[in-house]
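Architecture at a glance
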Amino acid sequence: MSIFSISLCVLLIYQFIKLDFKKNYELLIIESILLKLLCDIGIGIDLPFISLRPYEIVFYILTIFSFFILVKKRRPSKKQIKLFIILLILIFVNNALLIIHPLNYKTVCFPNLWYDYFTNGISGVPMFSKFVIIYDIYFIMFYINVCSIFNFYKKQDIIKLFKKTLNIAFKVLIIIVITEIIIKLIFGDSTFYILRDSIFGIGDDTSSLLKRGSLITIYGLCTEPSSLALSLFYIGLGIISVEKCKKIILLKLLVLCFIGILTGSMLFYLLFLLLVTSFLLNISNNIILIIRSHKILFFCILLAIINFFIIFSFTQLGSYYLNRVYNIIDIIFSGKHNLNSESVRIYSAIEMIQVFIRSPLIGSGLGTAYGYSSLLTFLANFGLCGVLFYFYIWKYFIGKIAIKKIIYIVFPLLISLLIHGSINTFVFPQFIYLLFLVYYANYKKGEQND
């Protein structure tokens, strides 16, 4: 176990001894979300039969607490039990078809990833394996946690829990980034990675293995720059939804923008554009009034944007990203298969579409085909039936969704799910955060209408 994992276990034991059940449950929810958003590196427990990251340790303990709540404290309703049975039936049919009539199509499947395909040409046919069982359990765990949380807490409690999680996430993010910048500037990149890996442990996809040319890049405690970029996006959406003062929103978005530029992740620019879109959609009813009220701030933002484009055009930063744009153009028009981020993401997304077309209703099997698009990989694995039911579960717990009034959250989220992530996105703690986000935005608008 790493130093961080040992410290985490000691912290968990301490809070279990000192705090009551309700407070422990709240902390486990917050801790699992924060660890996934801001600290998903390294290995927490590494045994011959299982390897767990720190956030998985907390998430599994959270699931045990949730199961206890549903059995002893807040038993599920008949509707919730029916939904759970339907989920089990969909998983059973998904597994049964994978065994009886597997998809006869070669693609990239677990345990191999797309980097294995590009470097060694490794691919395979979707088949029943331990990964199928693992992802079956993940989806069941997700339902148990969501059902327990919404049964255990009242509306106002969930609102407070989300706001508390968001506030802590933003503060911890700033501390992590400042610490990384200081260490890198004073002691150099190599010292930072040695220190970080010695504390958190080295996983298979530890971010120090990735390079972004000679750019100064900030990874935080995430596995790669794009992972941190996605966390910035999720936190940004939360800020736009929660903060009432538009001036504070703009200032925090500028902070996130600065950090995002330092990640060296091209994905961040698209995600930040979605953040800006989300903000404009949110204030669309009184945008002119807001601009007039904060003329100086908007003028400073305009100057910052102009300066950024000047720096972008005449420095290595600009040439680096332009080269990556050229890579995308080459991929689209010439079909080049080079080992780079653009090729991996574009070809894996196209491949997931191919898998989905071959088994559109029930999918190729949970935990089989793997791509770097959350939504497309989910469709490929679970089919249209599974995906629609999954989002119906969301709608059930959120309640009547005022889609016209929370489009500023839903639209950017759907785009982000389309262009980034994997099937893991739908089962790990960050999706509990996203469920809270949509719930908060929907509930807030409903209260305002009342």
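Up top you'll find the structure we're talking about.
In this report, we go over the structure that sits alongside the text. Bear in mind that the values here come from a model prediction, so they are computed numbers and not experimental data. (Residues numbered from 1 in each chain as written. Predicted model: local features only at pLDDT ≥ 70, side-chain atom pairs only at ≥ 80, totals over all residues. Heavy atoms only, no water.)

**Some remarks on the overall build of the protein**
Just so we agree on the cut-off: A run of DSSP states H or I qualifies as a helix once it reaches four residues; a run of E qualifies as a strand once it reaches two. Both are numbered from the N-terminal end. Burial classes: relative accessible area under 20% of the type maximum marks a residue as buried, over 50% as exposed, and values in between as partly exposed (1.4 Å probe, protein chains only). Should any heavy atoms of two residues lie within 4.5 Å, those residues are considered in contact. Accessible surface is estimated by sampling points in the Shrake-Rupley manner with a 1.4 Å probe; for residues, cover comes only from the protein chains shown.
For the protein, the helix and strand inventory stands at 18 helices and two strands. Among the 450 residues that make up the protein, the fraction classed as buried is 53%. In the protein, once contacts between residues fewer than 6 apart in sequence are set aside, the share between residues at least 24 apart is 74%. Here the protein displays about 21,300 Å² of accessible surface, and carbon together with sulfur accounts for 69% of that area.

**What to know about unusual backbone geometry**
Cis geometry marks the peptide bond from Phe 110 to Pro 111; its omega dihedral reads 5°. Following the sequence through the fold, Pro 111 ends up in the loop between helix H4 (78-100) and helix H5 (114-120).

**Comments concerning a positive patch on the surface**
Rules: Patches were defined on residues exceeding 30% relative accessible area and lacking a salt bridge, with like-charge contacts within 9 Å and nonpolar side-chain contacts (Val, Leu, Ile, Met, Phe, Trp, Tyr) within 5 Å. Salt-bridge detection follows one rule: a side-chain nitrogen of Lys or Arg within 4 Å of a carboxyl oxygen of Asp or Glu. Think of it this way: Lys and Arg go in the positive column, Asp and Glu in the negative one, and His and the chain ends go nowhere. Charged side chains are reduced to one point each, which is NZ for Lys, CZ for Arg, CG for Asp and CD for Glu.
Taken together, Lys 78, Lys 79, Lys 82, Lys 395 and Lys 400 make up a surface patch of like positive charges. We classify Lys 82 as exposed; its relative accessible area is 55%.

**A closer look at the side chain of Ser 422**
By the secondary structure assignment, Ser 422 is in the loop between helix H17 (407-419) and helix H18 (430-449). When neighbours within four sequence positions are excluded, Ser 422 is seen to be in contact with Tyr 370, Gly 371 and Ser 374.

**So, the nonpolar core**
As a reminder, the rule being used: Only buried Ala, Val, Leu, Ile, Met, Phe, Trp, Tyr and Cys residues count toward a nonpolar core, and they belong to the same one when joined by side-chain atoms within 4.5 Å.
By size, the foremost hydrophobic cluster in this structure holds 132 residues, and its most contacted members are Tyr 25, Ile 29, Phe 150, Leu 173, Phe 233, Trp 394 and Phe 436. Sequence-distant contacts of Phe 150, that is, excluding residues within four places in its chain, are made with Ile 158, Phe 397, Leu 435, Phe 436 and Tyr 439.

**Brief notes about the environment of Phe 279**
Examined against the element boundaries, Phe 279 turns out to sit in helix H11 (residues 266-282). Given a relative accessible area of 4%, Phe 279 falls into the buried group. In contact with Phe 279, not counting residues within four places along its chain, are Ile 240, Lys 246, Ile 249, Leu 250 and Leu 253.

**Considering helix H16 (residues 374-398)**
Going by this rule: Here the expected length of a helix is defined as 1.5 Å per residue gap, with one fewer gap than residues. Note that bend, as reported per residue, equals the angle between axes fitted to the 7 residues terminating at that residue and the 7 residues originating from it.
Between its first and last C-alpha atoms H16 spans 21 Å; for 25 residues at 1.5 Å apiece the expected length is 36 Å, and the helix comes up short by more than 12%. Gly 383 marks the point of greatest bend in H16, at about 110°. Burial runs high along H16: 18 of the 25 residues are buried. Positioned one or two residues after H16, Gly 399 has a phi angle of 100°, which is positive.

**Topic: the environment of Ile 283**
Relative to the elements of secondary structure, Ile 283 occurs in the loop between H11 and helix H12 (287-293). You can call Ile 283 buried: its relative accessible area is 1%. With 37 residues separating them in the primary sequence, Ile 283 and Lys 246 have C-alpha atoms 8.8 Å apart.

**Re the environment of Ser 373**
Along the chain, the position of Ser 373 falls in the loop between helix H15 (341-358) and H16. Here Ser 373 falls in the buried class, since its relative accessible area comes to 1%. Sequence separation of Ser 373 and Ile 423 is 50 residues, and the distance between their C-alpha atoms is 7.9 Å. Setting aside anything within four residues of it in sequence, one finds Ser 373 in contact with Ala 349, Leu 417, Leu 418, Ile 419, His 420 and Gly 421.

**Examining the packing of helix H9 (residues 225-242) against H17**
What counts is decided by this rule: Axis lines are fitted to C-alpha atoms, over the contacting stretch for helices. Their N-to-C directions set the angle, which ranges from 0 to 180 degrees. To sort the angles, those under 35 degrees are grouped as roughly parallel, those over 145 as roughly antiparallel, those from 65 to 115 as roughly perpendicular, and the leftovers as oblique. All residues other than Ala, Val, Leu, Ile, Met, Phe, Trp, Tyr, Cys, Pro, Asp, Glu, Lys and Arg, Gly among them, are scored as polar; the first ten of these are nonpolar and the last four charged.
Where H9 contacts H17, the axes come no closer than 11 Å and their chain directions differ by 175°. Accordingly, the angle class assigned to the pair H9 and H17 is roughly antiparallel. Between H9 and H17, the contacting residues are Phe 233, Tyr 234, Leu 237, Ile 240 and Ser 241 on the first element and Tyr 408, Ile 409, Pro 412, Leu 413 and Ser 416 on the second. Grouping the amino acids of the contact of H9 with H17 by side-chain chemistry returns eight nonpolar, two polar and no charged.

**Re helix H7 (residues 155-187)**
With 33 residues, H7 should reach 48 Å at 1.5 Å per residue; the first-to-last C-alpha distance of 48 Å fits that figure. Downstream of H7 by one or two residues, Gly 188 has phi in the positive range, about 100°.

**Structural notes on the pattern of salt bridges**
For the structure shown, the criterion picks out six salt bridges. Between Asp 197 and Arg 196 there is a salt bridge; the shortest N-O distance is 2.6 Å. Here the residues in one salt-bridge network are Lys 23, Glu 26 and Lys 164, joined through shared partners.

**Overview of the packing of helix H10 (residues 246-263) against H11**
Contact pair H10 / H11: the axes reach a minimum separation of 10 Å and the direction vectors enclose 170°. On the basis of the axis angle, H10 is roughly antiparallel to H11. In contact with Lys 246, Ile 249, Leu 250, Leu 253, Leu 256, Cys 257, Gly 260, Ile 261 and Thr 263 of H10, H11 contributes Phe 268, Tyr 269, Phe 272, Leu 275 and Phe 279. Its residues placed into classes, the contact of H10 with H11 shows 11 nonpolar, two polar and one charged.

**Structural notes on the side chain of Thr 63**
Relative to the assigned elements, Thr 63 resides in helix H3 (residues 54-73). Beyond its immediate stretch of four places on either side in the chain, Thr 63 contacts Met 141, Ile 144 and Asn 145.

**Description of the state of the cysteines**
Rule in force here: Throughout, disulfides are identified as pairs of cysteine sulfur atoms within 2.5 Å of each other.
Summed over all chains, the structure comprises zero disulfides. You can see Cys 39 has no disulfide; the closest cysteine sulfur is in Cys 222, sitting 8.0 Å from it.

**Quick notes on the packing of aromatic side chains**
Note the cut-off: Pairing of aromatic rings covers Phe, Tyr and the six-membered ring of Trp, with a centre-to-centre limit of 6.5 Å; geometry is then stacked below 30 degrees between planes, edge-to-face above 60, and tilted otherwise. Charge over a ring is defined by NZ of Lys or CZ of Arg lying within 6 Å of the ring centre and within 35 degrees of the ring normal.
Applying the stated criterion across every chain, the model contains 46 aromatic pairs. Seen in terms of ring centroids, Phe 162 and Tyr 433 are 5.4 Å apart; in terms of plane orientation they differ by 50°. Their pairing is tilted. Here Tyr 433 lies in helix H18 and Phe 162 lies in helix H7, a separation of 271 residues in the sequence. In this structure, Phe 162 and Tyr 433 share a single accessibility class: buried. In this structure an aromatic cluster arises from ring pairing among Tyr 55, Phe 59, Phe 110, Phe 131, Tyr 135, Tyr 138, Tyr 370, Tyr 372 and Phe 428. A cation over an aromatic ring shows up here: Lys 184 above the ring of Tyr 219, its NZ or CZ 5.3 Å from the ring centre. Cation over ring: Lys 252 sits above Phe 170, and NZ or CZ is 4.9 Å from the ring centre.

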